[in-house]
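Examination of the molecular architecture
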Amino acid sequence: MSPRIVLIGPMGVGKSTVGRLLAERLGVGYRDTDDDIVTAENRTVADIFVDDGEAAFRAIEKRAVRTALTEHEGVLALGGGSVLDADTRALLASRQVVYLSMEVEEAVRRTGLGAARPLLAVNPRKQWRELMQARRHLYEEVATAVVPTDGRTPEEVTEAILDALEPETVFPGEQDPRPEDAVVNDVTRIRIGGTAGSEPYEVLVGRQLLGELAGLVGDRAKRVAVVHPEALAETGEALRADLAGQGYEAIAIQVPNAEEAKTAEVAAYCWKALGQSGFTRTDVIVGVGGGATTDLAGFVAATWLRGVRWIAVPTTVLAMVDAAVGGKTGINTAEGKNLVGAFHPPAGVLCDLAALDSLSVNDYVSGLAEVIKAGFIADPVILDLIESDPEAARTPAGPHTAELIERSIRVKADVVSSDLKESGLREILNYGHTLGHAIEKNERYKWRHGAAVSVGMHFAAELGRLAGRLDDATADRHRAILESVGLPLHYRHDQWPKLLENMKVDKKSRGDLLRFIVLDGLAKPTVLEGPDPAVLLAAYGEVGE
C-alpha cells in the first residue's frame, strides 16, 4: 500500500486545500500528517513546539509520516519540515512527490498574519527565507515535479499537478492523454569559472528568482545599495524595501535611463551616495535594469574602495545575455563607448524571465541582436530556433525564449570563463561591435545598442566575404535572419568617414591598426587585422544607404 501522490512544501503553501481538491479529482481519499499528529496528541502543532520543543515534534512527525506512507492509498500531505529527516527522504524516493513552491512575498502574505506558525514568530520574511535556504534543496531532492503556487488559485494549482503527474497516477492501467513533461519550475544555473584571481559565480535563469537575492548578498553585508534607472523606480524601491525587511540597511540609488546613466557624473553621484551611507568593503551593490544600468553598477562597485561585491539583476534581453555576464563594466566618454571601465565580475546574476514580459517590442527585438551574434560565433542551434519561427522569436511569449537566452548565456560563459580580460578568445564576443559602437557614438547613444550591432554584424559578414574568409551562404544568412526579426541592416552612406575615425579609437584597436572579428565559416570566428581600406569601403558599400 502506498499513496497515489505525496504533497510537500513549506508552511502556508496550501497543501491541505490543494490536497483535498486533488483527491476529489482523482477519486481517492485525502490525509494530512499534521492532522494525524493533532488527533494523536490531542493538541496543536504549535502547542507541541512550545511545550516539548522542535526535536520532540520532529520525532513525533517522523513516526506519523512513516505510518501514513504505509497505510494511505490516496493523496497525502506532509508537514513543511518533514523532509529534514533523512529516513523520511529515503522513504519518499520511490514515490510520486510534488513540491508546491512559493516565493517570499507570497509566503509572508499567507503565513505572516494571524496564523499560529511557531517557526515564523518574530520576523516572518526573514524567518521564512532562512527556513527555505535550509529546506529548498531537500524539497527538490525528493520531488518528482515542482509546481509553483504564486499567483494561482487552488484550482489552478490542482490542474497544474494533474498535468505533472505520471500516467499511471492519473489513470491507473491506462495511457495518460497528457503527454507533457512534469511542470517543473527549475532554475537553470550556469556557472562562470573564476579566472585571474576572480571568484566563480552563477547566472540563474528562470522565473520568480528574487527570492534568491538575499542568499547572494550574504550574511557579511550590512548595507545594500540598489542602483536602478528612473524607469524602474517602483522595482528598485520594492527591492530596497524587501532587503530592508530582511535586516539590511538598504538604499535605492536612482540613475538616468539607458546610456545617459553611463557617465562620470552619474558614477560620481553613486559614489557620493555610498559615502554618505557608510558603505564598507563587505557591503553589496545590486544593479537592476538594462545593460547600461548593470554596466554602471558594476563600474561603481569596481571603483568603490577598490572593489566591492555586486549582483546583477538584468531586466532586458541585452542585459541578460551580454551586459550582466562576464564582468566587463564601464562608462562612456565623449571620445567613445566603454573607454573607461574595469573587469569586475559580479557575485551572481539573476535573469528573471518575467521581467521581459513588460518590454516593448523594439527593446525586446534589439536584444535579439546579441542572441543572433552568439548563434553565428558559436551556437548555430540559436539560428535554427529563430529561423523556425521568426515572428515568435520577436516576443517573450515565444516557445523558445528561455532556450535562446540560456544558450546565449552559455556561449558567453564558456568564453569569459577562459578569458576574463579580453586577452584572446574573448574578442570573439565583439563580433559586429566595432562598427556598432562607432554608430552608437555617431548617434550620441540615441540608437539602441542591438540595432547598431545588427548593422555591425551585417558589415562584418560583408567584410568577411570580401576578404575571402566567409562563404556567400553564411554571409547572406546574416541579412536574412536579422531582417526576419525586424533588426536594421543599413546606416547612412555619407557617415563612413566619421565612422572610420570612431573605429580607430575603439578599445579593440592596436595603435592605428584596425581589428575586426570576422567569420571563417559558421561558428568559426577569427581576427582580421588592418584590412585594406578599399575592402572596408566596399563592405560598407553593402551597408550604407
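The text that follows walks through the structure, step by step, so that each part is easy to find. This is a predicted model, so every value here is computed, not measured.

To continue, consider the overall build of the protein chain. The secondary structure content of the protein chain amounts to 23 helices and 16 strands. For the protein chain, with 545 residues in total, the buried portion stands at 54%. Excluding contacts between residues fewer than 6 apart, the proportion of contacts in the protein chain whose partners are at least 24 apart in sequence is 73%. For the protein chain, the accessible area works out to roughly 22,600 Å², and carbon and sulfur atoms hold 50% of it.

To continue, consider the packing of aromatic side chains. Applying the stated rule across the entire model yields 8 aromatic pairs. Look at Trp271 and Phe299: their rings are 6.4 Å apart centre to centre, the planes differ by 50 degrees, and that puts the pair in the tilted class. Taken together, the residues Trp271 in helix H12 (residues 264–276) and Phe299 in helix H13 (residues 291–303) connect sequence positions 28 residues apart. Ring pairing ties together the aromatic residues Phe459, Trp496, Phe516 and Tyr540, which thus form one cluster.

So, about the environment of Val485. You can see Val485 is positioned in the loop between helix H21 (472–484) and helix H22 (496–504). Judged by its relative accessible area of 0%, Val485 falls in the buried class. Sequence separation of Val485 and Arg394 is 91 residues, and the distance between their C-alpha atoms is 6.1 Å.

Quick look at helix H1 (residues 15–26) now. For H1, built from 12 residues, the straight-helix expectation of 16 Å at 1.5 Å per residue is met to within 8% by its first-to-last C-alpha distance of 16 Å. Inspection of H1 places Lys15, Val18, Gly19, Leu22, Ala23 and Leu26 among the buried residues, and these make up the whole buried set. Each buried residue of H1 lies within a common arc of 135 degrees when the element is viewed along its axis, so the set occupies one face. Positive backbone phi, approximately 75 degrees, marks Gly27, located one or two places after H1.

Considering the arrangement of structural elements, one finds Asn332 in strand S12 (residues 328–333). On the basis of relative accessible area, Asn332 is assigned to the buried category, the value being 8%. Polar side-chain contacts of Asn332 include one of 2.7 Å to the side chain of Glu259. For Asn332, the side chain forms a polar contact with the main-chain nitrogen of Asn338, separated by 3.0 Å. Look past the residues within four positions of Asn332 in its chain and what remains in contact with it is Glu259, Lys262, Thr263, Lys337, Asn338 and Tyr445.

Close approach of charged atoms allows side chains of opposite charge to pair. Considering all chains together, one arrives at 41 salt bridges under this definition. The residue Glu443 makes a salt bridge to Arg492 at a minimum N-O spacing of 2.9 Å. Here Arg492 lies in the loop between H21 and H22 and Glu443 lies in the loop between helix H19 (433–442) and helix H20 (449–466), a separation of 49 residues in the sequence. The exposure class of Glu443 is buried, given its relative accessible area of 18%. When its relative accessible area of 38% is taken as the criterion, Arg492 is described as partly exposed. Ionic pairing is found between Arg515 and Glu529, a salt bridge with its closest N-O pair at 2.2 Å.

This part is about the sheet that holds strand S5 (residues 145–148). Remark on secondary structure: sheet strands pair via backbone hydrogen bonds, oriented parallel or antiparallel. Taken together, 5 strands build an open sheet; the order of strands is S2-S3-S1-S4-S5 and the sheet is parallel. Among the strands making up the open sheet, the edge pair consists of strand S2 (30–32) and S5. Going across the sheet, the axis of each strand differs from the next one's by a mean of 25 degrees, ignoring polarity. Bridge count between strand S4 (residues 97–101) and S5: 4 bridges; the pairing is parallel. The partner of Leu100 across the bridge, within S5, is Val147. The strands that helix H2 (residues 33–41) touches are S2 and strand S3 (75–77); relative to S2, the one it contacts most, it runs at about 65 degrees. Relative to S2, helix H4 (residues 54–71) is tilted by about 165 degrees, and along the sheet it contacts strand S1 (5–8), S2 and S3.

So, on to unusual backbone geometry. Positive phi, normally seen in glycine, also occurs at Asn42, with a value near 60 degrees. Take Asn42: it is sitting in the loop between H2 and helix H3 (45–52). The backbone of Gln208 sits at a positive phi, close to 55 degrees, despite the residue not being glycine. Structurally, Gln208 can be placed in the loop between strand S7 (201–206) and helix H10 (213–217).

Attention now moves to H12. Owing to its 3.6 residues per turn, the α-helix brings residues three or four apart onto one side. Between its first and last C-alpha atoms H12 spans 18 Å; for 13 residues at 1.5 Å apiece the expected length is 18 Å, and the two agree. Within H12, the full set of buried residues consists of Val266, Ala267, Cys270, Ala273 and Leu274. Viewed end-on, H12 has its buried residues packed into an arc of 115 degrees, placing them on one side of the element. Among the exposed residues of H12, those oriented more than 90 degrees off its buried face are Glu265, Lys272 and Gln276. Of the surrounding elements, those touching the buried residues of H12 are strand S8 (223–229), strand S9 (249–255), strand S10 (284–289) and H13. At the exit of H12 stands Gly278, carrying a positive phi of roughly 75 degrees.

Cut-offs used in this document
- Residues numbered from 1 in each chain as written.
- Predicted model: local features only at pLDDT ≥ 70, side-chain atom pairs only at ≥ 80, totals over all residues.
- Heavy atoms only, no water.
- Helix = DSSP H or I, 4+ residues; strand = E, 2+ residues; numbered from the N terminus.
- Buried < 20%, exposed > 50% of the residue type's maximum accessible area, 1.4 Å probe, protein only.
- Contact = heavy atoms within 4.5 Å.
- Areas by Shrake-Rupley, 256 points an atom, 1.4 Å probe, with all protein chains shown as cover.
- Phe/Tyr/Trp six-rings, centres within 6.5 Å; stacked < 30°, edge-to-face > 60°.
- Expected span 1.5 Å × (residues − 1).
- Arc of directions from axis to C-beta.
- Polar contact = N/O pair within 3.5 Å; in protein donor to acceptor, adjacent residues only side chain to side chain.
- Salt bridge = Lys/Arg side-chain N within 4 Å of Asp/Glu carboxyl O.
- Pairing = 2+ DSSP bridges.
- Axes fitted to C-alpha atoms, helices over the stretch in contact; angles between N-to-C directions.

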